[in-house]
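Report on the structure
If you want the building blocks of each chain, they are given just below.
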Amino acid sequence: MSPETDLPAPAPEAAPDPAVEARAAVLARLDAAKVAADVAETAYRAEAARRTDELARERAHAWRRADLMRSLAAALDGIGDAEMAAAAGQALLRARLGWTDDSEARAEVLARFAPVAVALFEMESEAAPQTALAAFENWYATTRQSAFWYLFEHYLPDTPLVDF
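First, a word on what this report is: a plain description of the structure on this page. Counting of residues starts from 1 at the beginning of each chain's written sequence and follows it residue by residue. Reporting of local features is limited, given that this is a predicted model, to residues whose pLDDT is at least 70; pairs of side-chain atoms are given and counted only at 80 or more, and all residues count toward the totals for whole chains, interfaces and linings. The side-chain values count all of the structure's non-hydrogen atoms but skip hydrogen atoms and water molecules.

**Brief notes about the overall build of the chain**
Runs of E in the DSSP output that reach at least two residues are strands. Runs of H or I that reach at least four are helices, and both are numbered from the N terminus. A count of helical and extended segments in the chain gives five helices and zero strands. Beginning at the N terminus, the succession of helices and strands in the chain can be written as α-α-α-α-α. Classification of residues uses two cut-offs on accessible area relative to the type maximum, computed with a 1.4 Å probe and protein chains only: under 20% is buried, over 50% is exposed, and between them is partly exposed. Classification of the 164 residues of the chain by burial places 21% in the buried group. In the chain, once contacts between residues fewer than 6 apart in sequence are set aside, the share between residues at least 24 apart is 62%. Accessible surface area values rest on a Shrake-Rupley calculation with a 1.4 Å probe, where residue burial reflects the displayed protein chains alone. When the accessible surface of the chain is totalled, it reaches about 12,200 Å², and 59% of it is carbon and sulfur. Contacts are assigned to residue pairs with any non-hydrogen atoms lying within 4.5 Å of each other.

Structure representation (structure tokens):
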């Protein structure tokens, strides 16, 4: 006997069962639906997280803006002229940011902030201080590629003194 004759004859191909094919199609559609639902949920969660972060940032900036302007208004009480108002505003901002040293960049920020203090001091219109602050914020964002209010987020730890 030859090895070729010992092999069983191949089974004739059976006709496909329509029920099996129909079940496979149903399962394929359900698998596609679960993948689509997963993609949709993931996209929604990413958008919700992005929007939540955006709203939190806007809230933090609004609180910082209001707090700084309230402090500035209090610092301007009893000030006699616009020059003193500018100096008081700059001193307040320097103190709030913990700027004890001078630099060219800090001097530029302080100089650009002075009109905000002057506008709040002079109160030529109700909108003047907000307009001056918006112009300052826009200038800062354009020149520094970040929001001015991020300066208030940086915690500067105390530096320990070491005696040699």
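From this point, things continue past the structure.
**Thoughts on the pattern of salt bridges**
We define a salt bridge as a contact between a side-chain nitrogen of Lys or Arg and a carboxyl oxygen of Asp or Glu at a distance within 4 Å. Tallied over the entire structure, the rule returns ten salt bridges. Among the salt bridges present, the one from Lys-34 reaches Asp-31, with a minimum N-O distance of 3.4 Å. Here Lys-34 pairs with Asp-31, and both are found in helix H2 (residues 18–76), just three residues apart, close to one helical turn. Judged by relative accessible area, which is 55%, Lys-34 ranks as exposed. When its relative accessible area of 40% is taken as the criterion, Asp-31 is described as partly exposed.

**Quick word on the side chain of Glu-137**
Relative to the assigned elements, Glu-137 resides in helix H5 (residues 128–144). In this structure Glu-137 comes out as buried when scored by relative accessible area, which is 16%. Among the polar contacts listed, one links the side chain of Glu-137 to the side chain of Arg-65, at a separation of 2.7 Å. Apart from the residues within four sequence positions on either side, Glu-137 is in contact with Arg-65 and Trp-149. Two N or O atoms count as a polar contact when they lie within 3.5 Å, although within protein this holds only if one can serve as hydrogen donor and the other as acceptor, and sequence-adjacent residues are included solely when both atoms are side-chain atoms.

**So, helix H4 (residues 104–122)**
An α-helix turns once per 3.6 residues; consequently, residues spaced three or four apart project the same way. The span you would expect from a helix comes to 1.5 Å times its residue count less one. Taking 1.5 Å of rise per residue, the 19 residues of H4 would be expected to cover 27 Å, and the 28 Å separating its terminal C-alpha atoms lies within 8% of that figure. Those residues of H4 that sit buried are Val-109, Leu-110, Phe-113, Ala-114, Val-116, Ala-117, Val-118, Ala-119 and Leu-120. Elements that come into contact with the buried residues of H4 comprise H2, helix H3 (82–97) and H5.

**Here's the deal with the packing of H2 against H3**
What describes two packed helices is the angle between their axes and the distance between those same axes. Contact pair H2 / H3: the axes reach a minimum separation of 10 Å and the direction vectors enclose 135 degrees. By the angle between their directions, the pair H2 and H3 is classed as oblique. For the crossing formed where H2 meets H3, the hand is right-handed. Seen from H2, the contacting residues are Asp-67, Leu-68, Ser-71, Leu-72, Ala-75 and Leu-76; seen from H3, they are Ala-85, Ala-88, Gly-89, Leu-92, Leu-93 and Arg-96. Classifying every residue of the contact of H2 with H3 by side-chain character gives eight nonpolar, two polar and two charged. Helix axes are fitted to C-alpha atoms over the stretch in contact, other axes to C-alpha atoms as well, and angles between N-to-C directions run from 0 to 180 degrees. Our angle categories are set so that under 35 degrees counts as roughly parallel, over 145 as roughly antiparallel, 65 to 115 as roughly perpendicular, and the remainder as oblique. Take the far helix as the reference: if the near one is turned anticlockwise from it by less than a right angle, the crossing is left-handed, and if turned clockwise, right-handed. Under the scheme applied here, ten amino acids are nonpolar (Ala, Val, Leu, Ile, Met, Phe, Trp, Tyr, Cys and Pro), four are charged (Asp, Glu, Lys and Arg), and all others, including Gly, are polar.

**A word on the packing of aromatic side chains**
For this analysis, a ring pair means two rings from Phe, Tyr or Trp (six-membered ring only for Trp) whose centres lie within 6.5 Å, classed as stacked if their planes differ by under 30 degrees, edge-to-face if by over 60, and tilted for the remaining angles. Scanning the model with the defined rule gives nine aromatic pairs in all. Judged by centre distance (5.9 Å) and plane angle (35 degrees), the ring pair of Phe-136 and Trp-139 falls under tilted. Residue Phe-136 and its partner Trp-139 are located together in helix H5, separated by three residues, close to a single helical turn. We classify Phe-136 as buried; its relative accessible area is 2%. An aromatic cluster is built from Phe-113, Phe-136, Trp-139, Tyr-140, Phe-148, Trp-149 and Phe-152, whose rings are joined through pairwise contacts.

**Brief notes about H2**
With 59 residues, H2 should cover 87 Å at 1.5 Å per step; its first-to-last C-alpha distance of 86 Å lies within 8% of that length. Turning to H2, its buried residues are Ala-60, His-61, Leu-68, Met-69, Leu-72 and Leu-76. Close packing links the buried residues of H2 with H3, H4 and H5. Regarding H2, its N-cap is Asp-17, as a side-chain oxygen of that residue lies 3.1 Å from the backbone nitrogen of Ala-19 further along. Taken from the residues just after H2, Gly-78 is the one with a positive phi, measuring 85 degrees.

As far as function goes, none of this settles anything; it's purely spatial.
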